[in-house]
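What follows is the residue order along each chain.
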Amino acid sequence: MGKYELTRDFAEKMDSQDALASLRDHFYTKPGQIYMDGNSLGLCSKEAEAAVERAVEAWKEYGIGIWTQAPTDYFLYHDVIGAKIARLINADPEEVTVCANTTLNVHQVVATFWRPTKERYKIVIDELNFPTDRYAVVSQVASRGMDPDDVVKVVKSRDGKTLAEEDLIDAMTDDVAMVLYPSVLYRSSQLLPMEKLAKIARERGILIGFDLCHSVGNVDHDFKKIDCDFALWCNYKYLSGGPGALAGLYINKKHFEREVGLAGWHGNRKDTQFELRPVFEHAMNAGGWQTGTGSVLSLAATDGALDVYNGVEIKDLRAKSLDLTAYMMFLIDHELTAYGFTVGNPREDSVRGGHVALEHEDAIRINEALKAADVVPDFRYPNVIRLAPVPQYTRYVDVYDLIQRIKEIMDTKAYEKYENKAGTVA
């Protein structure tokens, strides 16, 4: 039958041989629950909890002195945490900071990098990326008194699920000033060829960046090779930085002298920040793109969560992620196709992110039935149940048991009791 087998004994054997199995002990998991939504919100780790508690104790102990007297450097916390994330994407420590949220960081990079001229003024995006990026780009264009219908160039999907590489490349024409693409598509889990796209953009004199929300902490990005101009992401998915965690921002060091688009006092040079000068002097690192003061309690959760990665290589997490999703697709192919399920994500490792897009015409109702069966998935329109086995805490037996619960839901028609209507948070 090949690499995988259909028995639970096989899943148990895989878990017993898993070199990363002990990472699960760092997280708060519930007995009997199968958590498959780490690509929306990662589970809480004991390290994240402890770091938040330390920050609260420091606040209690030092008051305003938390910025300078506490053992943890909370004044430069954003850059300290940025350096931890930089290791995971092979960037220089000073190229990564933690600030704001994904949407505001899109506003920041457009305000910074989009300098339209008569000849080059278009911004390229795609139609499948999470829509907040598009909202931000369009509003930035409109705020400068230009017509978004003229400026914003949208790469269309040929199948409604994926983007063709040649279409992404062909969109980078002589009138394009800037490109913002996702690393991984949030519905179909397609992983784009970032290194190739960035190389072509450089050759054509176009600035390019990526939204890493659905890959950071799970895909082994190498930003020394990719060498894009900027990137942004949220820290609450695979990185498990907590609900609403402050987001991440990468600025290629070759742009440190560039004028900041959205300036704020926390991006000022640290040696003069508290002199409160009337003229902004931005720090010559990614921290120069900070705006206001970041939430220490939120930053602490991300800081602690990143400690789980200590001694762990991102390439090993990526290998397990690919194996878990390949195993899941094997079981889907053998156990669920008879019920009308299909796999809506690419199959090849090189173009696949960290989740499986399980498709079914009754996906909304099945998704609700899964929740009742103590599975945590999520639904994305029009017909996708996203299933993300996170390598830090998902076991092979979780994947096996998930498929069995889906089979039971279909055999008993348990999904028929639910309306064909998704909840507010699907």
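Reading guide: rules and limits
Residues numbered from 1 in each chain as written. Predicted model: local features only at pLDDT ≥ 70, side-chain atom pairs only at ≥ 80, totals over all residues. Heavy atoms only, no water. Pairing = 2+ DSSP bridges. Helix = DSSP H or I, 4+ residues; strand = E, 2+ residues; numbered from the N terminus. Axes fitted to C-alpha atoms, helices over the stretch in contact; angles between N-to-C directions. Contact = heavy atoms within 4.5 Å. Phe/Tyr/Trp six-rings, centres within 6.5 Å; stacked < 30°, edge-to-face > 60°. Buried < 20%, exposed > 50% of the residue type's maximum accessible area, 1.4 Å probe, protein only.

Strands in a sheet are paired, the pairing made by backbone hydrogen bonds, and the direction either parallel or antiparallel. The mixed open sheet is built from 7 strands, whose spatial order is β2-β8-β7-β6-β5-β3-β4. Each having just a single partner strand, β2 (96–99) and β4 (152–155) make up the two edges of the open sheet. Each strand of the sheet is rotated relative to its neighbour by a mean of 20°, with strand direction disregarded. The sheet contact formed by strand β3 (residues 122–126) and β4 spans 4 bridges and is parallel. The residue of β4 that forms the bridge with I125 is V154. Packed onto the sheet, helix α3 (residues 77–89) meets β2 and β7 (230–233) and runs at close to 125° relative to β2.

Attention shifts here to the packing of aromatic side chains. Counted by the stated rule, this structure contains 14 aromatic pairs. Note on Y4 and F10: the rings are 6.2 Å apart at their centroids and 85° apart in plane angle, and the pair reads as edge-to-face. Overall, Y4 belongs to the buried group, its relative accessible area being 8%. Overall, the relative accessible area of 4% leaves F10 in the buried class. Ring centres of F379 and Y381 lie 5.0 Å apart, and the angle between their planes is 75°; on these two criteria the pair is classed as edge-to-face. Among the residues examined, F379 registers a relative accessible area of 2% and is labelled buried.

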